[in-house]
Amino acid sequence: MHVAVSSDGEMSQQEMLRELAEARICPVMVYEENGKQIVPLFKSPQLALEFAKRNTPKEYSIGTMEAGEDDLAALKAEGFEPTVLEWPNKRQCNVHVLQLTKETETHKRGYRNTT
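Summary of the structure given here. (Residues numbered from 1 in each chain as written. Predicted model: local features only at pLDDT ≥ 70, side-chain atom pairs only at ≥ 80, totals over all residues. Heavy atoms only, no water.)

**Observations concerning helix 1 (residues 13–23)**
Regarding helix 1, the residues found buried are Gln13, Met16 and Leu20. Buried residues of helix 1 fall within an arc of 70 degrees about the axis and therefore sit on the same side. Buried-residue contacts for helix 1 involve strand 1 (2–6), strand 2 (25–33) and strand 4 (62–66). A positive phi of about 55 degrees marks Arg24, the residue just after helix 1. (Buried < 20%, exposed > 50% of the residue type's maximum accessible area, 1.4 Å probe, protein only. Helix = DSSP H or I, 4+ residues; strand = E, 2+ residues; numbered from the N terminus. Arc of directions from axis to C-beta. Contact = heavy atoms within 4.5 Å.)

Spelled out as structure tokens, the structure:
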């Protein structure tokens, strides 16, 4: 499963990638629904990326990450409820910084298409 990530306007794309690779932190997009903190999961990175595009301003750096069982367990331990979304609906999102337990390979895939 894949999660959407966003700099929340605080970092450039290069800074976000560096933090992910060196500090092993990932800014995962989350939202609240019915009093629960939800981590949206998607079956493809494309859907996760569309969710990030739809729910952040165009100047924010965004991306996706494949979430492993250990990542999902850490999010659950922090009080988040992983929920599979079939479609990247518009939500009022925040960013939760997830501390990763494993090394992560990062890739830059160009710039956000804003059209």
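**Here's the deal with the pattern of salt bridges**
In the structure shown here, the tally under the stated rule is 4 salt bridges. Here Arg91 makes a salt bridge to Glu33, at a shortest N to O gap of 2.9 Å. Linking Arg91 in the loop between strand 5 (80–84) and strand 6 (93–99) with Glu33 in strand 2, this pair joins segments that are 58 residues apart in sequence. Ionic pairing is found between Lys53 and Glu50, a salt bridge with its closest N-O pair at 3.7 Å. Residue Lys53 and its partner Glu50 are both found in helix 2 (residues 45–54); the two are separated by 3 residues, about one turn of the helix. According to the relative accessible area criterion, Lys53 is partly exposed, its value standing at 25%. Classification of Glu50 by relative accessible area gives partly exposed; the value is 34%. (Salt bridge = Lys/Arg side-chain N within 4 Å of Asp/Glu carboxyl O.)

**As for the side chain of Asp71**
Locating Asp71 in the fold gives a position in helix 3 (residues 69–77). Exposure remark for Asp71: the relative accessible area of 2% places this residue in the buried category.

**Let's talk about the packing of aromatic side chains**
Applying the stated criterion across every chain yields a total of 1 aromatic pair. Taking 5.2 Å as the distance between ring centres and 45 degrees as the angle between the ring planes, the aromatic pair formed by Phe42 and Phe51 counts as tilted. We note that Phe42, like Phe51, is buried. (Phe/Tyr/Trp six-rings, centres within 6.5 Å; stacked < 30°, edge-to-face > 60°.)

These figures capture arrangement, not role.
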